[in-house]
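Chain residues, written in single-letter form:
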Amino acid sequence: MDLDFRRDPHLLLDIVDQMHAGVFTVDARGRFVAWSNGAERITGYRAEDVVGKPCSILEGEYCRGFSAVTEMLNAPNPPQTLCEQECKIVARTGRELHLAGTVRIMVNDQREVTGAVGTFTDVSSIVRANERFEVLQRQTHTEVAFDQLIGQSPVMLEVKRRIRLAADSDVTVLITGESGTGKELAAKAVHALSRRSAEPFLPVNCSAIPESLLESELFGHMKGAFTGALRDQVGVFEAADQGTLFLDEIGDVAPAIQVKLLRVLQERAIQRIGEQRLRKIDVRLVTATHQNLAQSVATGKIREDFYYRIHVFEIRMPSLRERPDDIPALAEHFRQELSSSSGRGIVGFTREAMERLSAYHWPGNVRQLRNAIEHACVTASADQIGYLDLPLEVREPMRGESPASFEGWAAEELAERDRILDALRQTGGNKTKAAELLGYSRVTLWKKIARLGITS
């Protein structure tokens, strides 16, 4: 069989119709002239549905589809090479199709446009696979970003919701909350979920840097700008360009620095100390404080215009007292982290230890809880963290704490606590005599005193 299609035009037509790809031609006005069998198989539209009609009949949602071919034909200087094209159209069945192909503009001997010829294939399955992959990536990215923000209590779910909202834009964020609540972790999560995640995240604790050095730290300086400026120095605003700058304890910044920060936020430019020109920057600013900034405005410590410039979108980190249901998960997270790093092989907590952890008021919040678990991992002599392994301040109830504070304790435990307290009162606090009165050994009494949260 002779397969030389140059000598047999009918053979060329058969070859085109057998191709998996769709083949089409349009005239100089952008009307379909030919539509191959492959084009029918891909789109569902037959030749009689499209031939003689304008390219614009094949469009997709938010995409002009084949209309790009007409635009190419009408361009002042139509491209003379193969042009790669991608578009969406709606198939005859109503299904959205993603197409990829090439178009070539045809001209005659007088260099006049006579039409175009194009081919296309269906890449919908590839596009959808990529979309699913991107969704999985975003989910994994979110899980990593929230890896250190442990907890599923309602207040923590709200924190995570607001972090996602902040990450979707470049809004200036103020993170508030008591010391030890995880404000820097929240700032890192905002950065990790944002479009800037591949760029730098630079944290600066404003309260840890003397006022005389903070301006240079933030904005940089030029050589000779002041005594000791032996070379040019880049500030953190420049170093964080395209990324995120996290200024912790923003409430401790002096009014003079506030004015300069306000200018940076308004002009998106910084000026090094000792330099006249402005340097443009593109930085996402996240600030944090444990102070009541509104109150600081009232006392004059914080400028009102500065307050409103940084207080655009607030994320409030709850204290540990507001989310006691998260304490077991946090404690377990820290146990796994710390016991693994120490190689101690501690596998869990006793019931008494976990109950005390959940009942304690945690003035130092999550940071204090982590320190308590680290202390317990060092002192634990068994494979579980027990009540006596916890730091003394955690074991000792708050002043004035009553049996009602031990909600969830068994009735016999409360009764035993009362018996021991009564014996101690009768013996004037003498533990040896109280142990004899109760029929315990002195060591047993000491352990029960510690376990039941009895103070001297």
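Definitions and cut-offs
- Residues numbered from 1 in each chain as written.
- Predicted model: local features only at pLDDT ≥ 70, side-chain atom pairs only at ≥ 80, totals over all residues.
- Heavy atoms only, no water.
- Helix = DSSP H or I, 4+ residues; strand = E, 2+ residues; numbered from the N terminus.
- Rg over C-alpha atoms; globule rule 2.2 N^0.38 Å.
- Buried < 20%, exposed > 50% of the residue type's maximum accessible area, 1.4 Å probe, protein only.
- Lys, Arg positive; Asp, Glu negative; His and termini not counted.
- Charge placed at Lys NZ, Arg CZ, Asp CG, Glu CD.
- Pairing = 2+ DSSP bridges.
- Axes fitted to C-alpha atoms, helices over the stretch in contact; angles between N-to-C directions.
- Polar contact = N/O pair within 3.5 Å; in protein donor to acceptor, adjacent residues only side chain to side chain.
- Contact = heavy atoms within 4.5 Å.
- Disulfide = S-S within 2.5 Å.
- Core = buried A, V, L, I, M, F, W, Y, C linked by side-chain atoms within 4.5 Å.
- Expected span 1.5 Å × (residues − 1).
- Parallel < 35°, antiparallel > 145°, perpendicular 65-115°, else oblique.
- Left-handed = near helix turned anticlockwise from the far one by under 90°.
- Nonpolar A, V, L, I, M, F, W, Y, C, P; charged D, E, K, R; others polar.

Peer 1: Just checking my understanding: could you explain the overall build of the chain for this structure?
Peer 2: Counting secondary structure elements, the chain contains 19 helices and 16 strands. Whereas a compact globule of 456 residues would reach a radius of gyration of roughly 23 Å, the chain reaches 36 Å, over 25% beyond that. Expressed as a percentage of its 456 residues, the buried residues of the chain come to 43%. Taking the 57 positively charged and 63 negatively charged side chains of the chain as two groups, their mean positions are separated by 4 Å.

Peer 1: Please explain the sheet that holds strand β7 (residues 201-205) as it appears in this structure.
Peer 2: Taken together, five strands build an open sheet; the order of strands is β7-β10-β13-β6-β14 and the sheet is parallel. A single partner strand is all that each edge strand has here, and the edge strands are β7 and β14 (313-316). The average undirected angle you get between the axes of adjacent strands in this sheet is 20°. Here β7 runs beside strand β10 (residues 244-248); their pairing, made up of five bridges, is parallel.

Peer 1: So what exactly am I meant to see when it comes to the side chain of Arg279 here?
Peer 2: Here Arg279 shows up in strand β12 (residues 279-280). With a relative accessible area of 16%, Arg279 lands in the buried category. There is a polar contact of 2.8 Å between the side chain of Arg279 and the side chain of Glu275. Residue contacts for Arg279: discarding those within four places in its chain leaves Met222, Glu238, Arg268, Ala269, Ile270 and Arg272.

Peer 1: I tried to follow the pairing of strand β1 (residues 22-27) on my own but got confused; where do I start?
Peer 2: Each regular strand carries side chains that alternate between the two faces of the sheet. In this sheet, strand β5 (residues 113-122) lies alongside β1 in antiparallel orientation, the contact comprising six bridges. Residue Asp27 lies in a different strand from β5, and its bridge partner there is Gly115. With three bridges connecting them, β1 and strand β2 (residues 32-35) associate as antiparallel partners. In the sheet register, Val26 faces β2, and the bridge partner there is Phe32.

Peer 1: Looking at this structure, how should I read the sheet that holds strand β3 (residues 83-90)?
Peer 2: Sheet strands pair by backbone hydrogen bonding; their relative direction is either parallel or antiparallel. Taken together, five strands build an open sheet; the order of strands is β2-β1-β5-β4-β3 and the sheet is antiparallel. The open sheet has two edge strands with one neighbour each: β2 and β3. Averaged over all pairs of adjacent strands, the angle between strand axes in this sheet comes to 30°, irrespective of strand direction.

Peer 1: How should I be thinking about the state of the cysteines in this particular structure?
Peer 2: By definition, a disulfide links the sulfur atoms of two cysteines through a covalent bond. In total, this model carries zero disulfides according to the counting rule given. Sulfur of Cys55: no disulfide; nearest cysteine sulfur belongs to Cys87 and is 10 Å away. Exposure remark for Cys55: the relative accessible area of 0% places this residue in the buried category. In this structure Cys63 is not part of a disulfide, and its nearest cysteine sulfur, from Cys87, lies 5.3 Å away. Using a relative accessible area of 23% as the deciding quantity, one classes Cys63 as partly exposed.

Peer 1: Help me out: how do you make sense of the nonpolar core in this one?
Peer 2: Soluble globular proteins: nonpolar side chains tend toward being buried together. In this structure, Leu218, Phe237, Leu245, Leu247, Ile250 and Leu261 are the most contacted members of the largest nonpolar core, which totals 27 residues. When residues of this core are traced back to their parent elements, those giving at least two are α8 (211-219), α9 (236-239), β10, α10 (255-267) and α12 (304-310). Here this core takes five residues from α10, the largest share from any one element. When near neighbours in sequence (up to four residues on either side) are disregarded, Leu261 contacts Leu218, Phe219, Phe237, Leu247, Ile250, Val253 and Phe306.

Peer 1: Sorry, what's going on with the pairing of β3 here?
Peer 2: Both β3 and strand β4 (residues 96-107) contribute to a ladder of eight bridges, which runs antiparallel. Residue Lys88 lies in a different strand from β4, and its bridge partner there is His98. Counting the residues in the hairpin turn of β3 and β4 gives five residues, including Gly94, whose phi is positive at 95°.

Peer 1: Help me understand helix α15 (residues 365-379) in this model?
Peer 2: Note: α-helices contain 3.6 residues per turn, so residues at a spacing of three or four share the same orientation. With 15 residues, α15 extends 21 Å between its outermost C-alpha atoms, agreeing within 8% with the 21 Å of an ideal straight helix rising 1.5 Å per residue. Among all positions of α15, only Asn365, Val366, Gln368, Leu369, Ala372, Ile373, Ala376 and Cys377 are buried.

Peer 1: I tried to follow the environment of Glu96 on my own but got confused; where do I start?
Peer 2: Summarising the element assignment, Glu96 is placed in strand β4. Judged by relative accessible area, which is 27%, Glu96 ranks as partly exposed. Linking Glu96 and Ala269, residues 173 residues apart in sequence, is a C-alpha distance of 45 Å. Excluding residues within four positions of it along the chain, Glu96 makes contact with Glu61, Lys88, Ile89, Ser124 and Arg128.

Peer 1: Just to check I follow, could you spell out the side chain of Arg323 for this structure?
Peer 2: For Arg323, the location among the structural elements is in the loop between β14 and α13 (327-342). Non-local contacts of Arg323, meaning those with residues more than four positions away in its chain, are made with Ile150, Gly151, Ser153, Val155, Met156, Pro318, Leu330 and Val366.

Peer 1: Explain the packing of helix α18 (residues 431-438) against helix α19 (residues 442-451) to me, please; I cannot follow it from the model alone.
Peer 2: The packing of two helices is summarised by the inter-axis angle and the distance between the axes. Two elements in contact, α18 and α19, have axes whose closest approach is 9 Å; the angle formed by their N-to-C orientations is 100°. Viewed along their axes, α18 and α19 adopt a mutual orientation that is roughly perpendicular. Contact residues: α18 offers Lys431, Thr432, Ala434, Ala435 and Leu438, while α19 offers Arg442, Leu445 and Ile449.

Peer 1: Would you take a moment to explain the environment of Arg356 for this structure?
Peer 2: Along the chain, the position of Arg356 falls in helix α14 (residues 351-359). On a C-alpha basis, the gap between Arg356 and Pro324 in space is 11 Å, while along the polypeptide they are 32 residues apart.

Peer 1: Would you mind going over the packing of helix α6 (residues 154-167) against helix α7 (residues 183-193) with me for this structure?
Peer 2: At their nearest, the axes of α6 and α7 sit 8 Å apart, and the two run at 45° to each other. It follows from the interaxial angle that α6 and α7 lie oblique. In this structure, α6 crosses over α7, and the sense of that crossing is right-handed. Note on element contacts: α7 touches α6 through Ala186, Ala189, Val190 and Leu193, opposite Ile163, Arg164, Ala166 and Ala167. When its residues are assigned to classes, the contact of α6 with α7 shows seven nonpolar, no polar and one charged.

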